[in-house]
Amino acid sequence: MQMKTMHLSCAKPVLTIVLSVSTLLFSCKKEETVTKPQVAEGEIASLTSYLTNQGFKAEDIQFKDGNFIVQNDILISQEDVAVRMKEGDSDVPQTEQWRNQYRVNVNYNNNIKIYIEPSVPAAWKTAVKGAVANWNAVTNTRLAMSIVTTKSAAHTRIFMGSEDANWVARAVLPASNGKPGTTVEINSKFNSMAASQKLFAITHEFGHTVGYLHTDQTNGIFIPGTPSVDAKSVMNSFVLPWAGFTAGDIKAIRLIYPL
Ligand SMILES: [Zn+2]
């Protein structure tokens, strides 16, 4: 989820640089001294290729702290990408109107438990509660969420991050185990954003935690029957003032999480 005014992101092809360094090291050092990092970087390169084969653009993929960050705000753990690659595309990604490879399974999808870290500012807490209410207000779907006060009981944890970058918030996709995305991180840089934009942003991030990708991108699994262009969809990449789900959003929710 990004701000519209900051459309052009500064995501650099970090991996390319890492690989070049690795090649350099490899050519001027003994093999045993570089075996370990070389293997790790090789795995990251191979997982990155897998993601590009899934339709994500190489320039939209970053690797940081054990996670792949796609299109600025969608996180997939390194382990999970490895599982995805191993398992193949039996149940491939869908965005809202494209979806992720994995959706939240029936053990969790009618009560996704969300925990808000105490450090989250009140205005963002309000947005989180509003976003839960937004998702719960959609009828004819099994999907439902609730806020819990015990971290250990939660599926999804909301916490604050701080980075001088154009992502407002970012979230983890559901994993191969069928659980919801584990975290939503909010960038404190946008603490003064309007309440209706905060609400839009968190509603959007919950879309990622249940497996929807970006409506304005064309990677993942297209959800048949949803519009190919939906400018007001909550799953577009850019923050708008909250004005409700679009008809396409609702259709996508009901198709992926039917009663
Ligand atoms: Zn997003």
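Calculation rules
- Residues numbered from 1 in each chain as written.
- Predicted model: local features only at pLDDT ≥ 70, side-chain atom pairs only at ≥ 80, totals over all residues.
- Heavy atoms only, no water.
- Donors = N, O, S within 2.8 Å, 3.2 Å for Na, K, Ca; no water.
- Buried < 20%, exposed > 50% of the residue type's maximum accessible area, 1.4 Å probe, protein only.
- Helix = DSSP H or I, 4+ residues; strand = E, 2+ residues; numbered from the N terminus.
- Right-handed = clockwise from strand over helix to strand, strands pointing away.
- Pairing = 2+ DSSP bridges.
- pLDDT = per-residue confidence, 0-100.
- Contact = heavy atoms within 4.5 Å.
- Axes fitted to C-alpha atoms, helices over the stretch in contact; angles between N-to-C directions.
- Parallel < 35°, antiparallel > 145°, perpendicular 65-115°, else oblique.
- Left-handed = near helix turned anticlockwise from the far one by under 90°.
- Nonpolar A, V, L, I, M, F, W, Y, C, P; charged D, E, K, R; others polar.
- Arc of directions from axis to C-beta.

This brings us to the coordination of the zinc ion. Distances from the zinc ion to its protein donors, D73 (OD), D73 (OD), H204 (NE2), H208 (NE2) and H214 (NE2), fall at 2.0 to 2.5 Å. Expressed as a motif, the donor residue spacing for the zinc ion is D-x130-H-x3-H-x5-H. In this structure, H208 and H214 share a single accessibility class: buried.

For strand β6 (residues 112–116), a buried count of four out of five residues is recorded, marking the element as mostly surrounded by other parts of the structure. After leaving β6, the chain enters helix α4 (residues 122–136) and then returns to the sheet as strand β7 (residues 145–148), a path that is right-handed. One ladder, built from three bridges, connects β6 with strand β8 (residues 156–161); its direction is parallel. Residue I114 lies in a different strand from β8, and its bridge partner there is T156.

Moving on, we come to the confidence of the model for the protein chain. Looking at the protein chain as a whole, its pLDDT mean stands at 84, while 82% of the residues score no less than 70. For residues 6–37, every residue scores under 50 in pLDDT, and the model assigns this stretch 25 contacts once sequence neighbours within four places are set aside.

Glancing now at unusual backbone geometry. At D65, a residue that is not glycine, the phi angle is positive and equals roughly 50°. Locating D65 in the fold gives a position in the loop between β1 (61–64) and β2 (67–70). Of note, Q71 is a non-glycine position whose phi angle comes to about 50°, a positive value. With respect to the secondary-structure elements, Q71 resides in the loop between β2 and β3 (74–77).

Bringing the packing of α4 against helix α5 (residues 195–209) into the picture now. It is at 8 Å that the axes of α4 and α5 come closest, and there the two elements cross at 55°. If you check the angle between α4 and α5, you find them oblique. When you trace α4 past α5, the crossing you get is right-handed. Here α4 contributes A123, W124, A127, V128, G130, A131, V132, N134 and W135 to the contact with α5, which in turn contributes K198, L199, I202, T203, F206 and G207. Classifying every residue of the contact of α4 with α5 by side-chain character gives 10 nonpolar, four polar and one charged.

Moving on, we get to helix α3 (residues 78–87). Every buried residue of α3 is accounted for by Q78, D80, V81 and R84. With its buried residues spanning 160° around the axis, α3 presents them on a single face. Of the residues in α3, the exposed ones pointing more than 90 degrees away from the buried face are E79 and K86.

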